[in-house]
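An overview of the molecular structure
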Amino acid sequence: MQTIYNTSATASAGRNGQVKTDDGLLEVSLTYPKEMGGAGNATNPEQLFAAGYAACFSNAVLHVAREAKVKLNEAPVTAEVGIGPNNGGGFALAVALLVTLDLEQETALNLVRAAHQVCPYSNAIRGNIDVQVSVNGAAI
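Note that this is a predicted model, so its numbers are computed, not measured.

**Some words on the pattern of salt bridges**
- Enumeration according to the criterion identifies one salt bridge in this entry.
- Residues glutamate 46 and arginine 15 are paired through a salt bridge, measuring 2.4 Å at the closest nitrogen-oxygen approach. One end of the pair, glutamate 46, is in helix 1 (residues 45–67); the other, arginine 15, is in the loop between strand 1 (9–11) and strand 2 (18–21), with 31 residues separating them in the sequence. The pair formed by glutamate 46 and arginine 15 is uniform in burial state, with each residue classed as buried.

Encoded structure:
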């Protein structure tokens, strides 16, 4: 792969510290969510992952629509990210992508199926994280 963009972020103390990108544009405090015994008064890695995946998948839908010459100005995506124990003594993530498109349903389904093959987040986690995708309430 020829890299066209590279960035980095540094976390200071895991889930109870700070994380900052190399350019300083993102700097946030982290804490455990209340459901995991934390104060819940700062963001957490699952929220950051959800934000990144939602933005990336939305852009993948828009990209696929442009390539297919389907007029689409926005592609709202909600990424729901869950964390829980796995069978190996560690933890695992699960994701639900909820896509809402103002298109005929068959066209919307086809675009989202294609976007799931294009999106770098989807490609990175395929086979490792359970991802459920729906369009206008219909599972793909």
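Back to the text.
**What to know about the pairing of strand 2**
- The side-chain alternation of strand 2 yields one buried face, formed by Val19 and Thr21, and one unburied face, formed by Gln18 and Lys20.
- In this sheet, strand 2 lies alongside strand 1 in antiparallel orientation, the contact comprising three bridges. Residue pairing in the sheet places threonine 10 in a bridge with lysine 20 of strand 2.
- The loop that links strand 1 with its antiparallel partner strand 2 comprises six residues; one of these, glycine 14, has a positive phi angle of about 60°.

**Digging into the pairing of strand 4 (residues 77–85)**
- As defined by bridge partners, strand 4 adjoins strand 5 (residues 91–99) across nine bridges and the pair is classed as antiparallel. Each residue of the ladder has a partner; that of alanine 79, found in strand 5, is leucine 97.
- A loop of five residues connects strand 4 with strand 5, the two strands running antiparallel in sequence, and glycine 89 in this loop sits at a positive phi of about 90°.

**Re the environment of serine 12**
- By secondary structure assignment, the location of serine 12 is in the loop between strand 1 and strand 2.
- Spatially, the C-alpha atoms of serine 12 and leucine 111 are 40 Å apart, while their sequence positions differ by 99 residues.
- In contact with serine 12, other than residues within four places in its own chain, are Gly17 and Gln18.

**A look at the side chain of serine 58**
- Along the chain, serine 58 turns up in helix 1.
- Apart from the residues within four sequence positions on either side, serine 58 is in contact with Ala75 and Val77.

So, how was this worked out
- Residues numbered from 1 in each chain as written.
- Predicted model: local features only at pLDDT ≥ 70, side-chain atom pairs only at ≥ 80, totals over all residues.
- Heavy atoms only, no water.
- Salt bridge = Lys/Arg side-chain N within 4 Å of Asp/Glu carboxyl O.
- Helix = DSSP H or I, 4+ residues; strand = E, 2+ residues; numbered from the N terminus.
- Buried < 20%, exposed > 50% of the residue type's maximum accessible area, 1.4 Å probe, protein only.
- Pairing = 2+ DSSP bridges.
- Contact = heavy atoms within 4.5 Å.

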